[in-house]
Amino acid sequence: MNLDDYRSVFMAADLVLILLAAVPTLSLTAPFPSGEPFSELWVLGPNHMIEEYPFNVQVNESYSVFVGVGNHLGRASYYVIHVKFRNQTQPLPNVTISEPSPLSGLLEYRFFVANGGTWETPISFGFLELSRQDDSLSVSRMSINEAVLNLNASTSWDSVYDGFFFQLFFELWLYDTRQESFEFQNRFAGIWLNMTA
Amino acid sequence: MNKVSLLKFSMVLLMLLACLPLVVPTSVAQVSEGDAASAIADAENVIISAYEVILEAERAGANASVLLDRLNEAEGFLTRARIAYSMGNFDEAASLADSGKNIGEEVKGAGVDLKDLSLAQSLQNMWVTAIGSFGSAVLILLGSFWVWRVFKRRYFRQVLKMKPEAATYES
């Protein structure tokens, strides 16, 4: 190696060291890319496990589940969960086109979750008034936590699975500061209920 | 005579009692459905603006998790207010919405303070970091220049020490 070669090595080493010294300042002006932001929604059974979900339900009995949300959006987020109730023929949200279910919500839960944080709440529900006529069953009153709700939901006898079935489901919406409104997050979860008994 | 004055006194008292709701209308009157709805809407707006302030504080580098907890308390009141409203308890709904709104306003004020503090701290941190980086770069350059001079001197000394040697060629 001659002197010019040594000079090149010295200059390259200098450049590397100067770049290392500049990393803290560069990270302030150009933050490192993070992973893909997302929100999670879950429904757990009464024992906080993914089992023993209420299924065979009766009038004037109370049942419980836990509903939770995880925030991985990289900022504090303002969510709303719409609690909805449907029979087998009514539409669910369409995740392909990010459309929520057109059914109106029975109740909503609004809450804030810090980045990386979770939120969870117990939901107790029960059915207060049911009426049956031949092969159809109607629900006119139900309770969710402390709220008593009047509704008009009915279902027909399912001859394939032998029962009257409803679904209680939860849609996750997020507050968009630019739109100044809540937007559906394409996340929903629910439980099926057999009201035959 | 006494009866007449007693009658007059009673009439005046009755008139005063009749006028009482006009003097203190809010304390006695029940909250209407519209008032309760507007109290809930007001509280929602305050909570949303408090959230926006928190987002700004986070962008400035603040940890606003305590304020988010307070905002969730406000939301708790608002949820109960909505339930009370749906059940027709407008008095309770308005009162709960006001409680939520008060917490929201408190959070909004604290959020603005936190944002200002974080901005000042971020600016200070940025200056310290930039000066640190610049100082380090200058030190690296000076140190490297000194090492290079020492290295060059030794290199030339070694070259000058070298003596030409005659190599024997054997065929």
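Residues numbered from 1 in each chain as written. Chains lettered and ligands numbered in written order. Predicted model: local features only at pLDDT ≥ 70, side-chain atom pairs only at ≥ 80, totals over all residues.

(A) Local environment of the overall build of chain B. Assigned secondary structure in chain B consists of five helices and zero strands. When the helices and strands of chain B are listed from N to C terminus, the series reads α-α-α-α-α. Burial statistics for chain B: of 171 residues in total, 25% are counted as buried. Restricting to contacts in chain B with at least 6 residues of sequence separation, those with at least 24 account for 78%. (Helix = DSSP H or I, 4+ residues; strand = E, 2+ residues; numbered from the N terminus. Buried ≥ 20, exposed ≤ 12 C-beta atoms within 10 Å, placed from the backbone. Contact = placed C-beta atoms within 7 Å.)

(B) Summary view of the overall build of chain A. Helix and strand content of chain A: one helix and nine strands. From first element to last, N terminus to C terminus, chain A shows the α and β order α-β-β-β-β-β-β-β-β-β. Oriented by its inertia axes, the alpha-carbon framework of chain A measures out at about 100 × 35 × 35 Å. Scored against the burial criterion, the 197 residues of chain A give a buried share of 21%. A separation of at least 24 residues holds for 59% of the contacts in chain A among residues at least 6 apart in sequence.

(C) Geometry of the environment of Val80 of chain A. All names here are of chain A. Tracing the backbone through its elements, the reader meets Val80 in strand E3 (residues 77-87). Accessibility expressed as a C-beta count within 10 Å gives 17 for Val80, which makes it partly exposed. Spatially, the C-alpha atom of Val80 lies 59 Å from that of Phe10, the residues being 70 residues apart in sequence. Those residues in contact with Val80 that sit more than four places away from it in its chain are Glu108, Tyr109, Arg110, Trp173 and Phe182.

(D) Geometry of the pairing of strand E4 (residues 107-113) of chain A. Residues and elements named next belong to chain A. Across the seven residues of E4, five count as buried, placing the element largely inside the fold. As defined by bridge partners, E3 adjoins E4 across seven bridges and the pair is classed as antiparallel. Bridge pairing links Tyr78 to Phe112 in E4. (Pairing = 2+ DSSP bridges.)

(E) Spatial organisation of the interface of chain B and chain A. The interface is formed by 27 residues belonging to chain B together with 22 residues belonging to chain A. Sorting the residues of the side of chain B that touches chain A by element identifies helix H3 (33-59), helix H4 (65-86) and helix H5 (90-161) of chain B as the ones contributing at least two each. Examining the composition of the side of chain B that touches chain A, we find that 14 residues originate from one element, H5 of chain B, more than from any other. Of the residues contributing to the side of chain B that touches chain A, the split by class is 15 nonpolar, eight polar and four charged. (Nonpolar A, V, L, I, M, F, W, Y, C, P; charged D, E, K, R; others polar.)

(F) Up close: the domain arrangement of chain A. Partitioning chain A into domains gives domain 1 (1-32) and domain 2 (38-194). The distance between the C-alpha centroids of domain 1 of chain A and domain 2 of chain A comes to 57 Å. (Domains from an automatic or database assignment.)

(G) Seen up close, the sheet that holds strand E8 (residues 165-176) of chain A. Residues and elements named next belong to chain A. Taken in spatial order, the four strands line up as E4-E3-E8-E9 in an open sheet, and their pairing is antiparallel. Two strands bound the open sheet, and with one partner strand each, they are E4 and strand E9 (181-194). On average, each strand axis in the sheet is tilted by 20 degrees relative to the strand beside it, whichever way the strands run. (Axes fitted to C-alpha atoms, helices over the stretch in contact; angles between N-to-C directions.)

(H) Region of interest: the nonpolar core. All names here are of chain B. Ile40, Ile54, Leu71, Ala81, Ala93 and Ala97 are the most contacted members of the largest nonpolar core, which totals 57 residues. Broken down by element, this core gets its largest block of residues, 11 residues, from H3. Not counting residues within four places of it along the chain, the set of residues in contact with Ile40 comprises Leu78, Ala81, Arg82, Tyr85, Ala93 and Ala97. (Core = buried A, V, L, I, M, F, W, Y, C linked by C-beta atoms within 7 Å.)

(I) Just the sheet that holds strand E5 (residues 118-133) of chain A, in detail. Residues and elements named next belong to chain A. Pairing in this open sheet of five strands is antiparallel, and the strands run E1-E2-E5-E6-E7 from one edge to the other. Lying at the two open borders of the sheet, with one neighbouring strand each, are strand E1 (38-44) and strand E7 (147-156). Taking the axes of each pair of neighbouring strands and ignoring which way they run, one obtains an average angle of 30 degrees across the sheet. Strand direction decides the pairing type here: E1 and strand E2 (residues 62-72), joined by seven bridges, are antiparallel. Of the residues in E2, the one forming a bridge with Val43 is Val67.

(J) Representation of H4 of chain B. Between the first and last C-alpha of H4 of chain B there are 31 Å, a value that for 22 residues agrees with the 32 Å anticipated at 1.5 Å per step. Remark: Gly88 of chain B follows H4 of chain B within two positions and exhibits a positive phi of approximately 85 degrees. (Expected span 1.5 Å × (residues − 1).)

(K) Region of the structure containing the confidence of the model for chain B. All names here are of chain B. Of all residues in chain B, 88% have pLDDT values of 70 or greater, and the mean over the chain is 86. Ranking the elements of chain B by mean pLDDT puts helix H2 (residues 25-28) last, at 45, and H3 first, at 94. Reported confidences for the modelled complex are a pTM of 0.77 and an ipTM of 0.79. (pLDDT = per-residue confidence, 0-100.)

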